[in-house]
Amino acid sequence: METPAGYSVVLVTVGNVQEAEAIANALVEAKLAACVSLLPIHSIYTWQGELHKEEEWQLLIKTDLAQFPAMEAKIKELHSYEVPEIIALPIVVGSQAYLQWIFQQVESKE
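Quick word on the overall build of the protein
Within the protein, the regular secondary structure consists of three helices and four strands. Ordered by position in the sequence, the α and β elements of the protein form the string β-α-β-β-α-β-α. Since a compact globule built from 110 residues should have a radius of gyration of about 13 Å, the 14 Å found for the protein is in line with a globular shape. Here the C-alpha coordinates of the protein stretch approximately 45 × 30 × 20 Å along the principal axes. In the protein, which comprises 110 residues, the proportion classed as buried is 35%. Pairs at least 24 residues apart make up 73% of the contacts formed inside the protein by residues separated by at least 6 positions. Carbon and sulfur atoms make up 57% of the accessible area of the protein, which amounts to about 6300 Å² in all. Considering the protein, the positive charge centre built from 6 side chains and the negative charge centre built from 15 side chains are found 4 Å apart.

Considering the packing of aromatic side chains
Applying the stated criterion to the full structure yields one aromatic pair. Arranged with centres 5.5 Å apart and planes meeting at 35°, the rings of Tyr98 and Trp101 form a pair that is tilted. Taken as a pair, Tyr98 and Trp101 lie in helix H3 (residues 96-107) at a separation of three residues, close to a single helical turn.

Quick word on the nonpolar core
Taken as a class, soluble globular proteins show a tendency for nonpolar side chains to be buried jointly. Counting residues in hydrophobic clusters, the biggest one holds 16 residues, and the most contacted among them are Val10, Val12, Leu27, Leu59, Ile61, Met71 and Ile75. Where this core is concerned, the elements lending two or more residues are strand E1 (7-14), helix H1 (17-29), strand E3 (50-64) and helix H2 (68-78). For this core, the element with the most residues is H1, which contributes four residues. For Ile61, the residues in contact, after removing those within four places along its chain, are Ser8, Val9, Val10, Val12, Leu27, Ala33, Cys35, Val36, Met71 and Ile75. Formed by six residues, the second largest nonpolar core is a distinct cluster that contains Tyr7, Ile91, Leu99 and Ile102.

As for the pairing of strand E2 (residues 35-47)
Pairing of E2 with E3, which is carried by 13 bridges, proceeds in the antiparallel orientation. Within E3, the position partnered with Ser43 by the bridge is Glu54. Linking E2 to E3, which pair antiparallel, is a turn of two residues; within it Gln48 sits at a positive phi near 50°.

A short note on the environment of Ile75
Within the element layout of this structure, Ile75 appears in helix H2. For the pair formed by Ile75 and Ile86, sequence separation is eleven residues and the distance between their alpha carbons is 8.2 Å. When sequence neighbours within four positions are dropped, the list of residues in contact with Ile75 reads Val12, Ile23, Leu27, Ile61 and Ile86.

Rules behind the numbers
Residues numbered from 1 in each chain as written. Predicted model: local features only at pLDDT ≥ 70, side-chain atom pairs only at ≥ 80, totals over all residues. Heavy atoms only, no water. Helix = DSSP H or I, 4+ residues; strand = E, 2+ residues; numbered from the N terminus. Rg over C-alpha atoms; globule rule 2.2 N^0.38 Å. Buried < 20%, exposed > 50% of the residue type's maximum accessible area, 1.4 Å probe, protein only. Contact = heavy atoms within 4.5 Å. Areas by Shrake-Rupley, 256 points an atom, 1.4 Å probe, with all protein chains shown as cover. Lys, Arg positive; Asp, Glu negative; His and termini not counted. Charge placed at Lys NZ, Arg CZ, Asp CG, Glu CD. Phe/Tyr/Trp six-rings, centres within 6.5 Å; stacked < 30°, edge-to-face > 60°. Core = buried A, V, L, I, M, F, W, Y, C linked by side-chain atoms within 4.5 Å. Pairing = 2+ DSSP bridges.

Interpretation in functional terms is not warranted from these geometric data alone.
Written out as C-alpha cells, the structure reads:
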C-alpha cells in the first residue's frame, strides 16, 4: 500500500443535488473515487465582479491522487459551471484499514 500522502479528499461544488449525484455516480463507477459524500452548503463568493449567495452541494471525494487527472477531466465533462471548483487536499494520516479500502476501490480497474 502507498503512503497516506498518496490519498486525498477532492472538493467539488455544484449547483444542485441532481448534478452532485450524477458526478458522484460517474466517478465511483469509473473507479476514479472510492466514495463521494454529498453535503448541502451555502456559498458566498464573487463571480465576474458580482457578489453571489447560493445554495450549493459540496462533493467530498475520497481517492488516490494518481486518479486526479482522469477525475478532473470527468468532472469537467459533467459539470455545468464555467470554472468548477476541483481542489485536492492531501490526507496526511488515516486509518490503515480505510486507506487500504480506498486503494482497493480505485486501483482494481478491470
